[in-house]
Amino acid sequence: IFIAEALVNGVSVIVHCSDGWDRTSQTCALAQLLLDPFYRTIQGFQALIQKDWLTFGHKFTDRCGFVAGDPKETSPIMTQFIDTTWQLLRQFPAAFQFNEKYLVDIHDHVYSCQFGTFVGNCERERQELRLAERTYSLWGHLTNSADEYINPMFDPTNSSNEVLTPSTLPQNILFWRGLYSRYEAGLQQARGPEVIDLLTLTQISTASLEDHAKHLSRRVDGLRSMISSNSKATAGVVKKFLPSMVNITAGVANIAGGGSSSPRSIQNSSEQGEAKPSEKRFADLKTGLSVDKCESSKF
């Protein structure tokens, strides 16, 4: 906070400790979180860790105890930084683009060694181990799942030029149960869901429904174009079929009126290859009418 206030007042600041890779990384990164809203975004926070922690040579292998070594070198420096970032997120929920899950996942993968991002004590060791070729980057994994880390309360318009001034009173520094007590089932049930968690679930559900609505809209458009093309083809068939149907209807009308159908009309209709089923129905109808006429004459 002192560094941020000094820079806001136009005072130059130099930060230095005995080695420059533990407390220096902590204080400089936190000051930039307070001053620059870019580092409070998902990509900005990744750039901040890459710049002030990885490139500046924080000894992740020694501090996190990845391999057996001097126990005096082990220290939760990165955990302290992640915890402090969560304290800022809790006090200024609208100023951060990412949520609590984002911080928890970064913290877990610092110690998991599942990705090569945090393996090694400096850039030289990472180049010698060829981690960029042999392992995957954590940043790519987080970017692919960026939708899970969006803070629904984030307001970029109000926090674009805001310098954060957090409260350091003891009652405002809380125990992070979401990180340290997340595996205690009884405590989690007593805690209940946070408002921000409910908002995140609501946002995810809304996005899923919007995607489904877009999918249904595309299907409706496809069916509409299919029906339109089929209607044009059907109109052509009806146009070809209509003349022969007119001749058949005229013949039926003559028989029903007691007259005889014109042999020429029947001959013309039989010449149409498309109307063969209709000619058969017409012949059956003619036979039936003739039988009825004979029975009527006998009566």
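Residues numbered from 1 in each chain as written. Predicted model: local features only at pLDDT ≥ 70, side-chain atom pairs only at ≥ 80, totals over all residues. Heavy atoms only, no water.

> Any chance you could explain the overall build of the protein chain here in plain terms?
Within the protein chain, the secondary structure is distributed over 15 helices and zero strands. Put simply, the protein chain has 299 residues, and 31% of those count as buried. Counting only contacts in the protein chain whose residues sit at least 6 apart along the sequence, the fraction spanning at least 24 positions is 69%. For the protein chain, the accessible surface area stands at approximately 18,800 Å², while carbon and sulfur atoms represent 58% of it. (Helix = DSSP H or I, 4+ residues; strand = E, 2+ residues; numbered from the N terminus. Buried < 20%, exposed > 50% of the residue type's maximum accessible area, 1.4 Å probe, protein only. Contact = heavy atoms within 4.5 Å. Areas by Shrake-Rupley, 256 points an atom, 1.4 Å probe, with all protein chains shown as cover.)

> For this particular structure, what's the right way to read the packing of aromatic side chains?
For any pair of aromatic rings, the description consists of the separation of the ring centres together with the inter-plane angle of the planes. Across all of its chains, the model carries 13 aromatic pairs by this definition. An aromatic cluster is built from Phe45, Trp53, Phe81, Phe96, Phe98, Tyr102 and Tyr149, whose rings are joined through pairwise contacts. (Phe/Tyr/Trp six-rings, centres within 6.5 Å; stacked < 30°, edge-to-face > 60°.)

> For this particular structure, what's the right way to read unusual backbone geometry?
Working note: non-glycine residues mostly have negative phi, and peptide bonds are mostly trans. The backbone of Cys113 sits at a positive phi, close to 60°, despite the residue not being glycine. If you trace the backbone, Cys113 turns up in the loop between helix H6 (100-112) and helix H7 (123-128). When its relative accessible area of 37% is taken as the criterion, Cys113 is described as partly exposed. Even without a glycine there, the phi angle at Arg130 is positive, about 50°. Note on placement: Arg130 falls in the loop between H7 and helix H8 (131-134).

> What exactly am I supposed to notice about the packing of helix H3 (residues 42-55) against helix H5 (residues 77-91) here?
In a pair of packed helices, the angle between the axes and the distance between the axes together describe the arrangement. Look at H3 against H5: their axes get within 14 Å of each other, and the N-to-C directions meet at 150°. The interaxial crossing formed by H3 with H5 has right-handed handedness. In contact with Phe45, Leu48, Ile49 and Trp53 of H3, H5 contributes Ile77, Met78, Phe81, Ile82 and Thr85. In terms of residue class, the contact of H3 with H5 is built from eight nonpolar, one polar and no charged. (Axes fitted to C-alpha atoms, helices over the stretch in contact; angles between N-to-C directions. Left-handed = near helix turned anticlockwise from the far one by under 90°. Nonpolar A, V, L, I, M, F, W, Y, C, P; charged D, E, K, R; others polar.)

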